[in-house]
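# An overview of the molecular structure
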Amino acid sequence: MHRRLGVFGHNPRAGRPAARSRVAGRVETQERFGGGSTMSVTALIRAMRPHHWLKNGLVFVPILLNHDVFDLHALWLGLVAFVAFSLIASAIYLLNDIKDVEADRRHPTKCKRPLAAGEITAGQAYAAVPLLLAAAFSTVLLVPQPWHYLLALLAYLFLALAYLLFLKRKLLVDVLGLAAMHTLRILVGNAAAAIPISSWLLAFSMFLFLSLALVKRYAELRITEDQSGLKKAGRGYHAEDIEALSQLGMASGCTCALIMALYVDSANVKQLYRHPELIWLLCPIVLYQMARIWFMARRGGMPDDPLVFMIRDWRSQLMGLVVVVIMVAATILP
């Protein structure tokens, strides 16, 4: 579907040029004159991608792994970090859509985004960005260690802007940037709740999110696969890179399980769990989950964002529940 040209599945034998002209004229008019005196609030909210806020639940991971799940103050601090990250992420999404609006209109699925579809204008999106950022950084006043928390938020904002303006067009650097941004969500959770950073969790997170970032690029490359691959979308990949992406992603996924296996024998596990041997059961679950994600991606059944897919997928939810049960059993069993 090419929204800019107005292709909506009309009768191919009649009215197509007129339809294209009307839709193209509407988009051009909105871009030039700010979309009229009214703005669709629902369209602006959709452009902020609230369904992606689920990913910011990663800020609660340090709290859960530190066994502070019943500490209401720690959970409150995690909620503060969650809101801040969601607002910053939405601001970045708006800037991204402004920058990539022409490429999105040529994309088979991204053409439905509100800015690419002409439902909001670039001016309206720009106006929302400073408001979102101001609200996000005001949460610094609510945490016990504001400087560490502020530095973590600034690091994420800097990396996100660098990714938007430069890194996303660089081969492999883009997926490393995505992995780092997801890992920073966990670090913000550490900073908000004043929990010491675990090197094991950082190592596991980087390889996990690297594999998921590679899934994201793999899925995009499948959608746009032709002689130029993602070059049309301003990315650094060609169609022939698709197997290399798959192999590197699966290797990163297996590395997650290896790190988990090494973690089981660490002093951290022995301090946190009465039965650390039960944590071994997490290794095959990690292997299963990562292998399944890649099998689905190779079959063409993976949407653009695998992390959101995992949060919504019932099998992934079941695996998450099994992980929680294992960790609770390892903690409370006599």
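Quick note: structure is the one above.
First, a word on what this report is: a plain description of the structure on this page. Quick caveat: nothing in here was measured; it's all calculated off a predicted structure.

With 17 residues, helix α12 (residues 282-298) extends 25 Å from end C-alpha to end C-alpha; this agrees with the ideal 24 Å at 1.5 Å per step. Of the positions making up α12, those classed as buried are Leu282, Cys283, Ile285, Val286, Gln289, Met290, Arg292, Ile293, Trp294 and Ala297. Buried-residue contacts for α12 involve α9 (199-223), α10 (242-264), α13 (306-312) and α14 (314-332). Positive backbone phi, approximately 80°, marks Gly300, located one or two places after α12.

So, on to the packing of helix α4 (residues 72-99) against helix α7 (residues 146-165). Two elements in contact, α4 and α7, have axes separated by 10 Å at closest approach and are oriented at 20°. The angle between the axes of α4 and α7 places the two elements in the roughly parallel class. Remark: the crossing between α4 and α7 carries right-handed chirality. Residue-level inspection shows Val80, Ala81, Ala84, Phe85, Ile88, Ala89, Ile92, Leu95, Asn96 and Lys99 of α4 in contact with α7, the latter providing Tyr149, Leu153, Tyr156, Leu157, Ala160, Leu161, Leu164 and Leu165. Here the residues of the contact of α4 with α7 are counted per class, giving 16 nonpolar, one polar and one charged.

The next thing to look at is helix α6 (residues 122-137). Along an α-helix, a turn takes 3.6 residues, which lines up residues three or four apart on a common side. The end-to-end C-alpha distance of α6, which contains 16 residues, comes to 23 Å, matching closely the 22 Å that a straight helix rising 1.5 Å per residue would cover. Turning to α6, its buried residues number three or more, namely Gln124, Ala125, Ala128, Val129, Leu132 and Ala136. Axial view of α6: buried residues confined to an arc of 145°, hence all on one face. Against the buried residues of α6 lie α2 (41-47), α4 and α7.

Before going further, it helps to spend a moment on the nonpolar core. Formed by 90 residues in total, the largest nonpolar core has its most connected members in Leu94, Tyr149, Leu153, Tyr156, Leu212 and Ile279. Looking at which element gives the most residues to this core, the answer is α4, with 14 residues. Setting aside residues up to four positions removed in sequence, Leu94 forms contacts with Leu44, Ala47, Met48, Ala125, Ala128, Val129 and Leu132.

So, on to the layout of surface pockets. The space that makes up the second largest pocket amounts to roughly 840 Å³. Lining the second largest pocket we find 33 residues, and of these Arg49, His52, Arg113, Lys216 and Asp305 sit closest to its centre. Listing elements by their share of the lining of the second largest pocket, those giving two or more residues are α4, α7, α8 (173-193), α9 and α13. When the residues that make up the lining of the second largest pocket are grouped by side-chain class, the tally is 14 nonpolar, five polar and 14 charged.

Positive phi, close to 70°, is recorded for Leu172, a residue that is not glycine. Inspection of the secondary structure puts Leu172 in the loop between α7 and α8. The partly exposed category is assigned to Leu172, whose relative accessible area is 37%. Its identity as a non-glycine residue notwithstanding, Ala194 has a phi of 55°, on the positive side.

What follows concerns the side chain of Asn190. Considering the arrangement of structural elements, one finds Asn190 in helix α8. Owing to a relative accessible area of 4%, Asn190 belongs among the buried residues under this scheme. Contacts of Asn190, omitting those with residues within four sequence positions, involve Pro62, Ile195, Pro196 and Ile197.

Here the focus is empty space enclosed by the protein. Going through the model one piece at a time under the given rule, you end up with three cavities of 30 Å³ or more. In this structure, the largest cavity spans a volume of roughly 70 Å³. Around the largest cavity, the lining residues are Leu178, His182, Phe209, Leu212, Ala213, Lys216, Asp305, Pro306 and Leu307. Of all the secondary-structure elements, those providing two or more residues to the lining of the largest cavity are α8, α9 and α13. Among the residues making up the lining of the largest cavity, the classes are represented as six nonpolar, one polar and two charged.

Cut-offs and rules
Residues numbered from 1 in each chain as written. Predicted model: local features only at pLDDT ≥ 70, side-chain atom pairs only at ≥ 80, totals over all residues. Heavy atoms only, no water. Helix = DSSP H or I, 4+ residues; strand = E, 2+ residues; numbered from the N terminus. Expected span 1.5 Å × (residues − 1). Buried < 20%, exposed > 50% of the residue type's maximum accessible area, 1.4 Å probe, protein only. Contact = heavy atoms within 4.5 Å. Axes fitted to C-alpha atoms, helices over the stretch in contact; angles between N-to-C directions. Parallel < 35°, antiparallel > 145°, perpendicular 65-115°, else oblique. Left-handed = near helix turned anticlockwise from the far one by under 90°. Nonpolar A, V, L, I, M, F, W, Y, C, P; charged D, E, K, R; others polar. Arc of directions from axis to C-beta. Core = buried A, V, L, I, M, F, W, Y, C linked by side-chain atoms within 4.5 Å. 1 Å grid on protein atoms, 1.4 Å probe; cavity = no way out; pocket = protein on both sides within 12 Å on 5 of 7 lines; lining within 4 Å. Points joined across faces, edges and corners; volume = space filled by probe spheres on them.

Shape is all these values report; function is a separate question.
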